[in-house]
Each structure stands twice: as structure tokens, then as C-alpha cells.
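# Observations on the three-dimensional arrangement
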Amino acid sequence: MKRNRLFRISVIMISIFLIAKLGLAEKDDARDLYKQIEIFSDAMTYVRSNYVEDIKDKDLVYGALKGMLASLDPYSQFMNPESFKEIQVETKGEFGGLGIEISLKDGLLTIISPLDGTPADRAGIKPNDRIVKIDDVTTKDITLIDAVRKLRGKPGSKVTITILRESESRIFDVDIIRAIIKVKSIKEASIIEDGIGYIRLVEFQERTPQDLRKALAKLKGLGMEAIILDLRNNPGGLLDVSVHVSDSFLKKDQTIVSTRGRNKDQEVVYRSRIDSDTSYPMIVMVNGGSASASEIVAGAIQDNKRGIILGTKSFGKGSVQTVIPLKDGSALRLTTAKYFTPSGRAIREEGIIPDVIVEYQEPIKINEKEQKAEEVFEKVDKENNGKKKEYDNQLLRAIDILKGIKVYKRLQSS
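Notes on the structure in this doc start here. Only a predicted model underlies this, so the values are computations on that prediction, with no experimental measurement involved.

Calculation notes
Here the residue index of a chain counts from 1 through its sequence in written order. Only residues with pLDDT of at least 70 get local features here, since the model is predicted, and only at 80 or more are side-chain atom pairs given and counted; chain-wide, interface and lining totals rely on the full set of residues. Water and hydrogen atoms were dropped before computing side-chain values, which therefore reflect all heavy atoms in the structure. Helix and strand assignments follow DSSP, with helices taken as H or I runs no shorter than four residues and strands as E runs no shorter than two, numbered in order from the N terminus. Using a 1.4 Å probe on the protein chains alone, a residue whose accessible area is under 20% of its type maximum counts as buried, one over 50% counts as exposed, and one in between counts as partly exposed. Residues are treated as being in contact if the distance between any of their heavy atoms lies within 4.5 Å. Calculation of accessible area relied on Shrake-Rupley with a 1.4 Å probe; when residues are assessed, cover is drawn exclusively from the protein chains displayed. Residues enter patches when they are more than 30% accessible in relative terms and free of salt bridges; like-charged ones are connected within 9 Å and nonpolar ones (Val, Leu, Ile, Met, Phe, Trp, Tyr) within 5 Å. Salt bridge criterion: a side-chain nitrogen from Lys or Arg within 4 Å of a carboxyl oxygen from Asp or Glu. We treat two strands as partners when DSSP finds at least two bridges between them. Helix axes are fitted only over the stretch in contact, all axes being lines through C-alpha atoms; the angle between N-to-C directions runs from 0 to 180 degrees. Any two rings among Phe, Tyr and Trp, with Trp reduced to its six-membered ring, count as a pair given centres within 6.5 Å; such a pair is stacked if its planes are under 30 degrees apart, edge-to-face if over 60, and tilted if neither. Charge-over-ring contacts are defined here by two conditions on Lys NZ or Arg CZ: a distance within 6 Å of the ring centre and an angle within 35 degrees of the ring normal. Put simply, buried Ala, Val, Leu, Ile, Met, Phe, Trp, Tyr and Cys residues joined by side-chain atoms within 4.5 Å make one nonpolar core.

### Notes on the overall build of the protein chain
Each helix and strand in the protein chain was counted, giving 11 helices and 19 strands. Classification of the 414 residues of the protein chain by burial places 44% in the buried group. For the protein chain, contacts bridging at least 24 residues in sequence account for 68% of all contacts bridging at least 6. In the form shown here, the protein chain has an accessible surface area of approximately 22800 Å², with 53% of it arising from carbon and sulfur atoms.

### Some details on a nonpolar patch on the surface
Residues Val47, Tyr51 and Val52 make up a contiguous nonpolar surface patch of roughly 310 Å² in combined accessible area. Its location among the elements puts valine 47 in helix α2 (residues 27-50). A residue is classified by how much of its surface remains accessible, and valine 47, at 31% relative accessible area, is partly exposed.

### Some details on the sheet that holds strand β19 (residues 356-357)
What holds strands together in a sheet is hydrogen bonding between their backbones, with the strands either parallel or antiparallel. Overall, mixed pairing links the six strands, which are arranged β10-β11-β12-β15-β16-β19 in an open sheet. Since the sheet does not close on itself, it has two edges, and those belong to β10 (186-193) and β19, each with one partner. Together, β12 (226-230), β15 (282-286) and β16 (308-311) form the strand contacts of helix α9 (residues 293-303), whose direction differs from that of β15 by roughly 145°.

### Considering the packing of aromatic side chains
In total, this model carries one aromatic pair according to the counting rule given. Residue placement shows lysine 105 over the ring face of phenylalanine 315; its charged tip is 4.3 Å from the ring centre. Between lysine 317 and the ring centre of tyrosine 75, over which it is positioned, the NZ or CZ distance is 4.7 Å.

### Description of the pairing of β12
Across a regular strand the side chains alternate sides, sitting on one face of the sheet and then on the other. Where burial is concerned, most of β12 is hidden: five out of the five residues are buried. Pairing geometry for strand β11 (residues 196-201) and β12, over five bridges, is parallel. Across the sheet, the residue bridging to tyrosine 198 is isoleucine 228, located in β12. In this sheet, β15 lies alongside β12 in parallel orientation, the contact comprising four bridges. Following the sheet pairing, aspartate 230 is matched in β15 by methionine 285.

### Re the nonpolar core
Grouped together as the largest cluster of nonpolar side chains are 37 residues, with contacts concentrated most on Ile199, Ile227, Leu229, Phe249 and Val284. Take this core: its biggest share by element is six residues, from α9. The residues touching phenylalanine 249, leaving out its near neighbours within four places in the chain, are Leu212, Leu216, Ile227, Leu229, Ser276, Thr278, Tyr280, Met282, Ile301 and Arg306. Within the second largest apolar cluster, 21 residues are counted, among which are Leu104, Ile111, Ala120 and Val159.

Listed below in C-alpha cells is the structure:
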């Protein structure tokens, strides 16, 4: 009992110190916080004394912090030292796992998007698929950190995830073999036809701005007259990278994005710093797998009237997470601000609504006879044009719009 009393006194003393340190302006707020911490202290003391098994104080504190952060929003998390080390590989472009970006949406573990060319992508995983089980264990009430830990593993090992695909009203299992995930930020940069450049940007990484500048220089050297920036299924990445990417398409001093939080130092406006070439028409493609940094770029292009946004509504992850290391190697990942487009629209939950909405259509499967005929046409096409032209319906619409703009400009200048 003496040990418990000392524990309770310690918790209360720490609470008083925290209240003083916070310097709360209102006495009523301070009193209310003190009362709530007393309840927390009582609960901790009772658990230590009466739980069926002996439990470490550290485990109790970690559990409380985990629950506290998880109650705020899907992106705020408490990370123990092991988890904190894990997240530090996320922005390096190489890690072990399945190749998916995940989030908690409506209380369910949700796939933002599979990364191109990864095991998850090859297995047919789609944006907005819900993971209801991992290796036959339910994901109900799971945190993002725990989900990441369960999904990652040794390359070559298998994991079975149970998918709820609401668009098809079905639940099914998918077996995926883990692999080392190496993601190139730009998957493709080419002139696809009629002077139209195409850049497929799959993730925002530290090296993305340099890669993008090289890709644009290459395409301009090949006679680019218009461009399609494909951000479909791009889950985002670093804020400063999204600003640098937007820089490549805007005039100097145009607003790219702003952040707003409770504190003044969280109110920041990011503007373009270079005077880029904006003479050519532009289309940015997005879908439900376009999130975070992708939405910042799309919002900047849309609100500055630099180009047309085409596709379907983006994911809607418009918040800033700050990682705050703690003394024992653990950390808080706390939502401290929200993103707003140049016109002041909140990205969080709302997403980016395209100017031209085009639903993606799955390619129609053809029978064996038609397949043989298709192969003949493909062979002829390769011989005549050097490569097979195979575009999905959204990309075809983007190409048609840019061709129409070019024709209109010609008519205006004639």
C-alpha cells in the first residue's frame, strides 16, 4: 500500500508540474485538468493493485499514452522506441514489406494506395480496400503503428490479408510475399504522342525535385508542348518536397499551400520561389489513392489556374504531423496543423475535386481469338511507332483534352 501511495503522489506531483509548465491562462481550466489527472492517477493506482497479474509501470504509462493519442485522430500516434525507429525508414525510398500506404478511415484500416510495381500492386490491391484481418487476426481497434509492424516482415515471407472491397460488396483473402520495397519517385517520363509529355510520379521522396527537374528538361529537349502529371495512387510524402514539385510548374511568389494550427508558429504560407515556364498546357491526374503531398500539388495547380485536374476525388489527408521525440527513445506523432489550398479550402476529409471527373474503367477482357488478333495489331504498332500504345480511359481523356487545347490555340493564332 505504501508503494501505491508513493506512486499516486508521484503522478499528482508530475501533474502539478505539467500544469505549471503549460502556464494555463484560465484557473478553471487548470482546476479541471487537475481533477481529470486525479481520476487518471486513481485508475493507475487501482490497476497496479488489483490487476490479475503484475504489470510494469512503464507498460501502463505506454498504454495510456497510446490510447490518448489514438483518441485524437487517425494520424496521431504514440510510438515506443522500437516503433519510432521503424518510421524513420519511411521516407528513404527503401523498406521491407508489401508496398502499400495505409491509414485509419472511419475506424477501419484502409489502403490509401498500393505503390506501383510492388507485391501489393501485383496482387491486385486497390485504393480504399479495407484490411479487416492480418494473418486471420482482426484489425478492429488496431493502431497504424501496430498494423505496420504486422504487415512488415522478412523478405520472402508470406502474409495473408483479408480485404473488404466495398465497391464490389465482397470480402476475400489475398496472400502476398513480402519483399524489399525500392520505390523510384518517377516511374515514367516520356513523350506519349503529339508533343504531349507524360510524367508518372509515384511518391514524394527527398530526391523527387531533382528527378522531376531532370525529367522536365529531358521532355522539353524532345519537343514537349503540353504535359500530363500523373499523381494517381501517389500516397504523398514530405511537405517541403511537395512545395519544390509545385515550384516546377508555377510563376514566382504564387501560393502553394498554407498550414494552420492552434499556435502562431504553425501558421505558415508556402510560396513558389522560382519563375518556372508556364507556357504549356497542363493536366494533373488524381484519384482516391492520391493523398497528402499529391493533394497539395493538385490544389496548388488548380487554385492558381495553372492546369486542369482530371480523374476522381482524392483521398483527403490534409493534416500536418509533427514527430516529438521523448527522453526514453519513444515519441509522439501529433497532428499540429491542417493543410489549406491557396484559395483557403481545407484538404482534410474534403480532398481535391477534379475539374473534369472521369471514373476509371477496368480494361475489357477479350477472348482467345480476339487476343490473337490484338497481338497482330500490337506487332504492327510496334513496328510503325517503336512502342505499344496502351492507355487507360482516364489517360486517353487527358490526351484528348490537351489535343483539343492545341487545336484551339492554332485556330486563335491563325
